[in-house]
Amino acid sequence: MTDRRNFLKSSSLLLGGLWLSPGIAVARTKISPSDQLRVALIGCRNMGFGILRHHLALPEVRCVALCDVDQNVLDEKLKEVETATGTRPEGFNDFRKVLERKDIDAVIIGTPDHWHCLIAVAACQAGKDVYVEKPMANSIGECDLIASAAKRYDRVVQVGQQQRSGQAFIESKDLVKSGHLGKIRKVNIWSNFNYGLGNEKQSNAAIPAGVDYDFWLGPAPLRDFNPNRFHGSWRHFWDYGGGLMSDWGVHLLDMAVWAEENPSAPSRVLTYARNVNTENRDRDTFDTMNVLFPKKDFLINYDMNGGLQTGPYGKPYGIAYVGDKGTLVVNRSGYEVYPEWSDSPKSPKCEAKKLEGTKESHNLHVANFVDCIKTRNQTVCPPEAGRIAALHAHIPNIAARVGAEELIWDDSKREFVGNKAANALVWPDYRKPWTLPKV
Ligand SMILES: NC(=O)c1ccc[n+]([C@@H]2O[C@H](COP(=O)([O-])OP(=O)(O)OC[C@H]3O[C@@H](n4cnc5c(N)ncnc54)[C@H](O)[C@@H]3O)[C@@H](O)[C@H]2O)c1
């Protein structure tokens, strides 16, 4: 392992020499298998596999194991990796068996959110570095456990808040911090997507062949199988996710706090949440949320609408940093600075700027993770940053669930001030035999 790490430190992140196979770009190099970084993917269906693809595009990375509790997904993805790389990874249904393999350097966690904590902590304990998808965990308390485990076992952890690696957001942060926009008074965020309504209601059904549904549920409450509470659409139910708020909100709110002088957990949160859409959809989570996060020097103003797809500046989602000299509007496609102006003579208060055509940044986020595995440097989204971003999504969701228009969070004590019902949601109740990991 040490020799391999030393080799990896000295190897470069060459992105040339790629060959394309259906859906996966794999780096073609002469790096010997013993010198490669060995990764395993746990939770293979959608995002996890996308993140694995970006790992496989790097010459020093080799995928040696895939794990999924749905044998159908596992078989399909094993075949896909074999076709692309020429080598079939070992297939697993139980992540604990993956972690027993001593030759694995890092794991990617692409399971639904309710599994992130158990798997990430176990991976840290097993000496693996971890790429865990966002939100870092499905509760405030579980975020702390992952952060503690990363620290205690000295692991490199990248939380999948990939916008931190995106050019449009990096340049926006630099413009905000350089004072180009003057004093920032507000960060307005909007997030409008049809899928926020969930699927149409449907009846419970037989558990699909090949699915270990009890393992899929894991620490979540036992329930009859319903396709809506399973692959993909689990995110609309509190047992497994946090709706549009933690799916998209966490990305956008992360960008608001990233531009802060000293990023911090929210302290006071004002929340309006309703379910106003009348379509026959299946979800626990809210379709309409407006949240105010008063910060020391400015206000974060979050506006979310499941079932709508138009928004300010003609964009379904975005962030507007509103400063005295200008407003910068950014999303994954680029940014534009709209200058304020003085009246007489009419003149702009800052230079107009524009960046167009930027793309998703998962590949750069993965490259940063792999680089940090080699250098042991901190990733661009280390556990504390992932925790702060997640809290900006979890606290409004908790407020909405307990009907509190205002919540005060004491981050030093890790509790809400004067709200017992909210405090009861800081930690999840795990279904036996699963228990919260001890770090
Ligand atoms: N960064 C992003 O832009 C982004 C985008 C989409 C999803 N995500 C995140 O990625 C994660 C996965 O989301 P998704 O849309 O791919 O979900 P999905 O339902 O499509 O896939 C999850 C997979 O995990 C498997 N799984 C569940 N429990 C497991 C366990 N204990 N062990 C092994 N496999 C298990 C499921 O069978 C399924 O194959 C979520 O945390 C989500 O928030 C991030």
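The chain is annotated in an unreviewed UniProt entry as Gfo/Idh/MocA family oxidoreductase from Algoriphagus oliviformis.

Draft legend 1. Geometry of the UniProt feature "domain: Gfo/Idh/MocA-like oxidoreductase N-terminal" (unreviewed entry) in the chain. Under the UniProt annotation, the feature "domain: Gfo/Idh/MocA-like oxidoreductase N-terminal" (unreviewed entry) is placed at residues 37-160. The span residues 37-160 shows a helical share of 44% and a strand share of 22%, and its end C-alpha atoms are spaced 19 Å apart.

Draft legend 2. Region of interest: the site of the ligand. Residues in close proximity to the ligand total 29 residues, the closest being Arg45, Asp68, Asp113, Lys134 and Trp234. Taking asparagine 46, its side chain carries an N or O atom lying 3.0 Å from an oxygen atom of the ligand. Residue methionine 47 places a main-chain N or O atom 2.8 Å away from an oxygen atom belonging to the ligand. Within the shell around the ligand, the residues separate by chemical class into ten nonpolar, eleven polar and eight charged.

Draft legend 3. Here's a closer look at the sheet that holds strand E21 (residues 406-410). Read across the open sheet, the ten strands follow the order E20-E17-E16-E15-E9-E14-E13-E11-E21-E22; overall the sheet is mixed. Two strands lie at the open edges of the sheet, namely strand E20 (354-356) and strand E22 (415-416), each paired on one side alone. Relative to E22, E21 is paired through two bridges, and the arrangement is antiparallel. From the neighbouring strand, aspartate 410 faces E22, where its bridge partner is glutamate 415. This element, helix H9 (residues 243-258), spans strand E9 (184-193), strand E13 (288-294), strand E14 (299-306) and strand E15 (317-323) of the sheet and lies at about 155° to E14.

Draft legend 4. Summary view of the UniProt feature "domain: Gfo/Idh/MocA-like oxidoreductase bacterial type C-terminal" (unreviewed entry) in the chain. Those places that UniProt annotates as "domain: Gfo/Idh/MocA-like oxidoreductase bacterial type C-terminal" (unreviewed entry) correspond, in this numbering, to residues 173-257. Between the C-alpha atoms that bound residues 173-257 there is a distance of 10 Å. The span itself is 31% helix and 14% strand.

Draft legend 5. How the structure looks around the sheet that holds strand E8 (residues 157-159). The six strands are arranged E5-E4-E3-E6-E7-E8 in an open sheet whose pairing can be described as parallel. Lying at the two open borders of the sheet, with one neighbouring strand each, are strand E5 (90-92) and E8. Taken pair by pair, the neighbouring strands of this sheet meet at an average axis angle of 20°, ignoring direction. Pairing between strand E3 (residues 37-42) and strand E4 (residues 61-67): six bridges, direction parallel. Its bridge partner lying in E4, alanine 40 is registered against alanine 65.

Draft legend 6. Examining the domain arrangement of the chain more closely. Looking at the assigned domains, one finds that the chain contains domain 1 (2-164 + 364-382) and domain 2 (166-359 + 388-423). Taking only C-alpha atoms, the centre of domain 1 and the centre of domain 2 are 26 Å apart. Opposite the 29 residues of domain 1 that make contact, domain 2 presents 41 residues. Taking both sides of the interface into account, the surface hidden between domain 1 and domain 2 amounts to around 2,800 Å²; carbon and sulfur atoms contribute 56%. Contact with domain 2 buries surface across domain 1, with Ile140, Gln163 and Arg164 losing the most and accounting together for 29% of the total. At the boundary of domain 1 with domain 2, the tally comes to three salt bridges. Residue lysine 134 is joined to aspartate 247 by a salt bridge in which the shortest nitrogen-to-oxygen separation is 3.2 Å. Along the contact surface separating domain 1 from domain 2 lie 19 residue pairs in polar contact (both at pLDDT 80 or more).

Quick notes on the rules
- Residues numbered from 1 in each chain as written.
- Predicted model: local features only at pLDDT ≥ 70, side-chain atom pairs only at ≥ 80, totals over all residues.
- Heavy atoms only, no water.
- UniProt positions renumbered as here; feature names shortened; annotations may be inferred.
- Helix = DSSP H or I, 4+ residues; strand = E, 2+ residues; numbered from the N terminus.
- Near = heavy atom within 4 Å.
- Polar contact = N/O pair within 3.5 Å; in protein donor to acceptor, adjacent residues only side chain to side chain.
- Nonpolar A, V, L, I, M, F, W, Y, C, P; charged D, E, K, R; others polar.
- Pairing = 2+ DSSP bridges.
- Contact = heavy atoms within 4.5 Å.
- Axes fitted to C-alpha atoms, helices over the stretch in contact; angles between N-to-C directions.
- Domains from an automatic or database assignment.
- Buried area = accessible area lost by both parts, 1.4 Å probe.
- Salt bridge = Lys/Arg side-chain N within 4 Å of Asp/Glu carboxyl O.

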